[in-house]
Amino acid sequence: MLTRKQHELLMFIHERIKETGVSPSFDEMKEALDLASKSGIHRLITALEERGFIRRLAHRARALEVVKLPQQATTAAPPKGRGAFRPQVFEGGGAPPPAQTATAPANDTRELPILGKIAAGTPIDAIQHERERLPVPESMLGGGEHYVLEVQGDSMIEAGILDGDYVIIKKGDTATSGEIVVALVGEEATLKRLRKKGGSIALEAANPKYETRIFGPDQVEVQGKLVGLIRRYH
């Protein structure tokens, strides 16, 4: 059984190796997990190695290999910054497995509509009509009305949101500064982190390739906020 930090670090290393072919540096791990020093990372690495989840490769700098992953629901690679959103990720090709909670039975799911694709990059067409339904664990949802969108693009990868992921959105027209939202700008919808800056609204990407876009308060219409995501491996 892994602690939360051990689990977060393991998944961060796994995602980074999968994306780049190289394990992250200790500085990158420290920043990703929001730890004060690299000594905490050394302890986590040692614990993961002792439990057989990772292996250090000899004679190579920054060389870590993920040997196995926990057979359970996983959180995505942690984004940078204290208090940043860490989406729940459920892996699989069909219905997702149950969440890690003693109170959620395996069949405790809700069928949510997939309303189309959402851009994590430059905006694409506004949300479409329902095309199919996806079973989602109740433990991800809570109260309120929810829907699902398929992510297209890479502008939110540092928040652990990848192209092809299915994001779970809680419907609503308000959001707190710093939350990831579905924002409607004119006739186009996009998935971005919302920041309130004086009388303006900033829509921030989580990828340095994309610029922050600034709008007047009457130009951005919040359609809902991100509460989780489902990732399918084919």
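Residues numbered from 1 in each chain as written. Predicted model: local features only at pLDDT ≥ 70, side-chain atom pairs only at ≥ 80, totals over all residues. Heavy atoms only, no water.

### A closer look at the environment of T109
Structurally, T109 can be placed in strand β5 (residues 109-119). Sequence separation between T109 and E138 is 29 residues, and the spatial gap between their C-alpha atoms is 5.1 Å. If we skip the residues at most four places from it in the chain, T109 touches P135, V136, P137 and E138. (Helix = DSSP H or I, 4+ residues; strand = E, 2+ residues; numbered from the N terminus. Contact = heavy atoms within 4.5 Å.)

### As for helix α3 (residues 38-50)
With 13 residues, α3 extends 18 Å from end C-alpha to end C-alpha; this agrees with the ideal 18 Å at 1.5 Å per step. All of the buried residues in α3 are G40, I41, L44, I45, A47 and L48. The buried residues of α3 occupy an angular sector of 165 degrees when projected down its axis, which confines them to one face. In α3, the exposed residues that point more than 90 degrees away from the buried face are R43 and E50. Where α3 is buried, its residues meet α1 (4-20), α2 (26-32), β1 (54-56) and β2 (64-66). Directly after α3, the chain includes G52, whose backbone phi takes a positive value near 80 degrees. (Expected span 1.5 Å × (residues − 1). Buried < 20%, exposed > 50% of the residue type's maximum accessible area, 1.4 Å probe, protein only. Arc of directions from axis to C-beta.)

### Quick notes on unusual backbone geometry
In the Ramachandran plot, D34 falls in the positive-phi region, its phi being about 60 degrees despite a non-glycine side chain. Here D34 shows up in the loop between α2 and α3.

### Remarks on the nonpolar core
I118, L149, I161, V167, I169 and L191 are the most contacted members of the largest nonpolar core, which has 19 residues in total. Sorting the residues of this core by element identifies β5, β8 (146-152), β9 (166-171), β10 (180-185), β11 (188-197) and β14 (220-231) as the ones contributing at least two each. A32, L33, I41 and L64 belong to the second-largest nonpolar core, a separate cluster that totals 15 residues. (Core = buried A, V, L, I, M, F, W, Y, C linked by side-chain atoms within 4.5 Å.)

### Focus: the side chain of H14
Along the polypeptide, H14 turns up in helix α1. Residues in contact with H14, not counting those within four places in the same chain, are V66 and L69.

### Comments concerning the side chain of E204
Structurally, E204 is set in strand β12 (residues 200-204). Accessibility expressed as a relative area gives 17% for E204, which makes it buried. A distance of 3.1 Å separates the side chain of E204 from the side chain of R195, its partner in a polar contact. Setting aside anything within four residues of it in sequence, one finds E204 in contact with M156, K192, R193, R195, K197 and T212. (Polar contact = N/O pair within 3.5 Å; in protein donor to acceptor, adjacent residues only side chain to side chain.)

### Let's talk about the packing of aromatic side chains
Following the criterion strictly, the structure yields zero aromatic pairs and no others. Lying over the aromatic face of F53, K68 brings its terminal NZ or CZ to 4.8 Å of the ring centre. (Phe/Tyr/Trp six-rings, centres within 6.5 Å; stacked < 30°, edge-to-face > 60°. Lys NZ or Arg CZ within 6 Å of the ring centre and 35° of its normal.)

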